[in-house]
Amino acid sequence: MLLATIVRLPVTYAAPIMQRIPGRQLLVPAALLPLVLFAYFCTYLSEIISGKTFSFAYSWVPELNINLAFYLDGLSLFFALLISGFGVFIMVYSAEYLRGHPLLNRFYLYLSVFMLSMLGLVLADNLICLFIFWELTSISSYLLIGFSHDNPVSRSSALQALLVTGLGGLALMTGMILLGNVGGTYTISELLTRGELVKSHPLYLPALLLILLGAFTKSAQFPFHFWLPNAMAAPTPVSAYLHSATMVKAGVYLLARFTPVLGGTEVWQYTLVTIGAITALLGALLAVQHIDLKAILANTTISSLGVLMIMLGIGTPAALEALLVFILAHALNKCALFLITGNIDHATGTRDFKVLYGLALNMRPTAVAATMAALSFAGMVPFLGFISKEMLYDATLGAGKAGFLIFSIVFISKVVAILIAIIIGYKLFWPRVSEPTPIHHPCGLNLTIPPMVMASAALAFGMLPGIMATPLIQSALAPIAGKTLFIELKIWHGLSLGLINSIMTFILGTLVYTVHSRIIEFSPRLTPLYNYGPNSIYQFFVTGLVKGSSKLISIIQSGYVRSYISAIVLTMVGLVALSLWNKVPLLNLTQEIKMLHDVRLYELVLLFLILPGLFFLFKTHSRLIAIAIMGIIGYSVALFYILFGAPDVAATQLLIETLTVVLFVLVLHRLPPFRFISHKSKRYKYILISALFGAMMTYVVLLVKQYPLHSELKQFYGDNSYLQGHGRNIVNVILVDFRGFDTLGEITVLAVAAIGIVALLRLRLEKGGKR
Amino acid sequence: MKTLVLSVAIKLLIPVFLFFSLYCLFRGHNHPGGGFIGGLIASIAFIFHTMVHGPNRTITSLLKINLYGFEHQPNQSRSLFLMRMQRVKRWRRRCALDDKKSGKPDFRLDPFDLIATGLLVAATSGIVGFLLQEPYMSSSWFAFSVPFIGSIGTPVIFDIGVYLLVLGVVLKITFVMSEE
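*Asks:* Explanation requested: the overall build of chain A in the structure shown.
*Replies:* Along chain A, the regular secondary structure elements total 35 helices and two strands. The principal-axis extents of the C-alpha atoms in chain A amount to approximately 105 × 60 × 50 Å. Within the span of chain A, comprising 771 residues, buried residues form 48% of the whole. In chain A, of all internal contacts separated by at least 6 residues, the share reaching a separation of at least 24 is 78%. Only carbon and sulfur atoms are counted for the fraction: they give 70% of the accessible area of chain A, which is about 37,200 Å².

*Asks:* Can you walk me through the pattern of salt bridges in this structure?
*Replies:* Between side chains of opposite charge, a pair can form as their charged atoms come close. Residue and element names in this part refer to chain A. One pass over the structure, following the stated rule, counts seven salt bridges over all chains. Here Arg351 and Asp345 are joined by a salt bridge, their closest N and O atoms 3.3 Å apart. For Arg739, the salt bridge identified is with Asp742, shortest N-O distance 2.9 Å. Accessibility expressed as a relative area gives 34% for Asp742, which makes it partly exposed. Residues joined in a network through salt bridges with shared partners are Asp292, Asp345 and Arg351.

*Asks:* I keep staring at helix 19 (residues 403-427) of chain A and nothing clicks. Help me out?
*Replies:* Every α-helix carries 3.6 residues per turn, so stepping three or four residues along brings you back to the same face. The end-to-end C-alpha distance of helix 19 of chain A is 35 Å, a good match for the 36 Å that 25 residues give at a rise of 1.5 Å each. Within helix 19 of chain A, 19 of the 25 residues are buried, which leaves it mostly tucked inside the rest of the structure.

*Asks:* Just checking my understanding: could you explain the interface of chain B and chain A for this structure?
*Replies:* Counting from both sides, the interface comprises 49 residues of chain B and, opposite them, 49 residues of chain A. Summing the contributions of chain B and of chain A, the shared interface buries around 4,300 Å²; its carbon and sulfur component is 74%. Summed over the three residues of chain B that lose the most area to chain A, namely His29(B), Phe130(B) and Met177(B), the buried surface amounts to 14% of that side. Across the chain B-chain A interface, the total number found is zero salt bridges. On inspection of chain B and its partner chain A, the count reaches two residue pairs in polar contact (both at pLDDT 80 or more). Broken down by element, the side of chain B that touches chain A gets its largest block of residues, 14 residues, from helix 6 (residues 154-178) of chain B. Looking at the side of chain B that touches chain A residue by residue, the class counts come to 31 nonpolar, 13 polar and five charged.

*Asks:* Please explain the side chain of Ser112(A) as it appears in this structure.
*Replies:* Residue and element names in this part refer to chain A. Its place among the elements puts Ser112 in helix 5 (residues 104-123). When its relative accessible area of 4% is taken as the criterion, Ser112 is described as buried. Only 2.7 Å separates the side chain of Ser112 from the backbone oxygen of Tyr108, close enough to count as a polar contact. Ignoring anything within four residues of it in the chain, the contact list for Ser112 reads Val11, Leu33 and Met91.

*Asks:* Got a minute to help me understand the packing of helix 15 (residues 293-314) of chain A against helix 18 (residues 384-397) of chain A in this structure?
*Replies:* Residue and element names in this part refer to chain A. Running from N to C, helix 15 and helix 18 point in directions that differ by 45°, and their axes come no closer than 11 Å. As summarised for this structure, helix 15 and helix 18 are arranged oblique, according to the angle between their axes. Note on packing geometry: the crossing formed by helix 15 with helix 18 is left-handed. Here Val307, Met311 and Ile314 of helix 15 come into contact with helix 18, specifically with Leu392, Ala395 and Thr396. For the contact of helix 15 with helix 18, the per-class residue count stands at five nonpolar, one polar and no charged.

*Asks:* Would you explain the packing of aromatic side chains in this entry?
*Replies:* Aromatic ring pairs are described here by two measures, namely the spacing of the ring centres and the angle between the planes. Residues and elements named next belong to chain A. As enumerated under the stated definition, the model contains 21 aromatic pairs over all chains in all. Taking 5.0 Å as the distance between ring centres and 65° as the angle between the ring planes, the aromatic pair formed by Phe107 and Phe147 counts as edge-to-face. Taken together, the positions of Phe107 in helix 5 and Phe147 in the loop between helix 6 (127-145) and helix 7 (152-183) put the pair 40 residues apart, joining distant regions of the chain. Here Phe147 falls in the buried class, since its relative accessible area comes to 4%. Aromatic pair Phe615 and Phe616: ring centres 6.0 Å apart, planes at 70°, arrangement edge-to-face. Taken together through their ring pairs, the aromatic side chains of Tyr40, Phe41, Tyr44 and Phe54 make up a single cluster. A cation over an aromatic ring shows up here: Arg562 above the ring of Tyr560, its NZ or CZ 4.6 Å from the ring centre. For Lys685, the ring lying beneath its charged end belongs to Tyr686, and the centroid distance is 5.2 Å.

*Asks:* Would you mind showing me how to read the packing of helix 6 of chain A against helix 13 (residues 249-262) of chain A here?
*Replies:* A packed helix pair is summarised by two numbers, namely the angle formed by the two axes and the spacing between the axes. All names here are of chain A. Two elements in contact, helix 6 and helix 13, have axes whose closest approach is 12 Å; the angle formed by their N-to-C orientations is 170°. Considering the angle they form, helix 6 stands roughly antiparallel to helix 13. For the pair helix 6 and helix 13, the crossing hand works out as left-handed. Taking contact as the criterion, the partners of Leu127, Leu130 and Trp134 in helix 6 are, on helix 13, Ala250, Gly251, Leu254 and Phe258. When the residues that make up the contact of helix 6 with helix 13 are grouped by side-chain class, the tally is six nonpolar, one polar and no charged.

What counts, and at which threshold
- Residues numbered from 1 in each chain as written.
- Chains lettered and ligands numbered in written order.
- Predicted model: local features only at pLDDT ≥ 70, side-chain atom pairs only at ≥ 80, totals over all residues.
- Heavy atoms only, no water.
- Helix = DSSP H or I, 4+ residues; strand = E, 2+ residues; numbered from the N terminus.
- Buried < 20%, exposed > 50% of the residue type's maximum accessible area, 1.4 Å probe, protein only.
- Contact = heavy atoms within 4.5 Å.
- Areas by Shrake-Rupley, 256 points an atom, 1.4 Å probe, with all protein chains shown as cover.
- Salt bridge = Lys/Arg side-chain N within 4 Å of Asp/Glu carboxyl O.
- Expected span 1.5 Å × (residues − 1).
- Buried area = accessible area lost by both parts, 1.4 Å probe.
- Polar contact = N/O pair within 3.5 Å; in protein donor to acceptor, adjacent residues only side chain to side chain.
- Nonpolar A, V, L, I, M, F, W, Y, C, P; charged D, E, K, R; others polar.
- Axes fitted to C-alpha atoms, helices over the stretch in contact; angles between N-to-C directions.
- Parallel < 35°, antiparallel > 145°, perpendicular 65-115°, else oblique.
- Left-handed = near helix turned anticlockwise from the far one by under 90°.
- Phe/Tyr/Trp six-rings, centres within 6.5 Å; stacked < 30°, edge-to-face > 60°.
- Lys NZ or Arg CZ within 6 Å of the ring centre and 35° of its normal.

Coordinates in, geometry out; function isn't part of it.
Written out as structure tokens, the structure reads:
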């Protein structure tokens, strides 16, 4: 885990260098990274299986309970192996799929960042840390989905995914903070032992609902499912990675992780089962209406995610076991099928299954892999898919009252799976046709090996479930169920109810296949229905937001600096007046009047520098003179700072004044000539506002001086700046050491502001000064 | 705004400004000064140059390094080769101002690079504490001190980051604003 943490830093630092290296040279390091991580996690296998857990913690901002804490148990290891293992194949696959793409290096970077964020998410042991990795996956998936950034569809899908998952992320953060406060700790492994405390707390319900919202958006549950099919605008390897083993499983992982803390209550069960059931049904129904292979697979992913949520909601040991096996099976099958779709797209240039025929003739290895993956997806003996399907059926039937209803939903989802499996595994490749679809690009080894390996893995897991899958699944089950359960996976259960159900599923699936073309013909008639779907609601909100804000801006942004300044000033005056409304403290000026006797000559000189300056400022008709006078006033203020013992502030003020004058001079010749266009009464208005502001500031400053300030801060910094900060200049020690984090935030803002300023100025220049 | 006095003066003053800014940067921990002030002083040097000569000239003469190759002849002595190289460099540098399409490799420092480097340096200085099993951005100091700079520690590195960033921000804004 130390390695996994440390490896993040070099990747971050390598980003600017990776930008300059051509993509094809990056394949080896990019594929080695997940491979090394996979091997590294494998070294923990034996100890995790024997029941050990590992935790590593580094303090980050301990005052805010934010620590970089990592925790490795069966569940995290299960997901970490999935993420890093699939990462290797995706990297290898992309090398050929995106061969010659000018931004391939950037692609590897995004993918590595995404993978590391996912790993961080499943390994995190601190609530805030988990949230940060959660958001990192959202951001990096935004970059991945919008990878073809010259395509507007791709951009808007990426934005949609970011907005939906980001919204859920905010809910999640609130839920996490509530959970941390309720449980009294932000460390997840400690929280896991405090389930009873959390569940009996009055804030349990809001925390649960917020966390569920976060998980539902990430895992594309109804009504947030719409971002997932749109996200297939990403290159196929990205869809394969995001939809199979990683992004969408994050929500499932989160809920599985928190099952001992939050799970088991009625709200949990009903919400998860209901939402999961709706999603599973909806995904299945949407999947049969599409002709684009990727859209079909994306919609079956939604359906599978719904099934996973149902299993979490049922929460019996059998259901949780089925959950884990299904996660593994689904990841293998779905990733393989997505990659095969990518192969077909790469070779023929289309993903419309109606125009694809007889592909096996020219794409033999892909065809074999497709058939194997489809068999596993359909749940055929002896693949892992079969075991998982049997377990799903058993778990739903054992779920009590609503068992049959849940069973029928899972059943429908599986019938659709069989239909899809027949299309991809058989119809596209094997039937003999006179004119097979022509192949433009042959598929190389990099394209055929990854799906082949995944399909073979599904076969191997299915043939030898006892050796290969049971130990890991068992150790992953323990943290969810809260106790160690002994499980046994086997391929042959005898002539049970499950087997009969499987056969029924197969028959029904074949029947649906025969009428599939009619369903597709019928589906355009459903289009009016989609106009009221969540996707349209999202579009409505987003376009409404853009229109509304442009209207608002046209009202409040007049473009005149004077109106902005007067708005700011009046707001401030109003706020001060509001807070002092009831009890206006009177000024006691005797002290100040006495102090007037002590005014030194040089202070008076400065005063006489400023006041005539102001007078000339009002009278002048030239910008240059106005700027110069402003400079004089600024310098005089800086001198005041020096007189009163703040040399740092004075130096900054002097430099800023100089820069302001210089910058003004630089832009001076672009400004229109100086004219008094406003009416005289308006000028009186501004004079009034200025006088009001000046009077208020004077009043407040005098008032503040009247009450002595009791603060230990000065004492603390004075005492500690040399001892702890190794510096005698307190201001600087505070800036770079004691409050260094604030300064870091400030300079980040400064950098972002500079980018914004450049963008704005460039925009003006490019449009030729037009608005 | 091309005045002879200013253009000669700024030529002489740029090194002074830069050294003074570094001086301010490093004395900041014990006396008035620091990364922010240092960065502003350094940027003033460039800004005056821009005022006199325009942003393009500033970039080509101060923020760009042209590299010219020159083949070593087989029967040429080493010292002669180096001397010629030096001569060519000086000669070509003057040419390069007019002849932009020379196609020779040049290294241009964009102010955005300064901003990025500054942010990177500042954020990285916090990681040192992290690697020593302490919270992020806890300071650590070397036991020895370097003449002219003083004691070296992560806050000093952080301040260097601030210096670079401020310099970059001011330069970028100036260049964009003064561009025609």
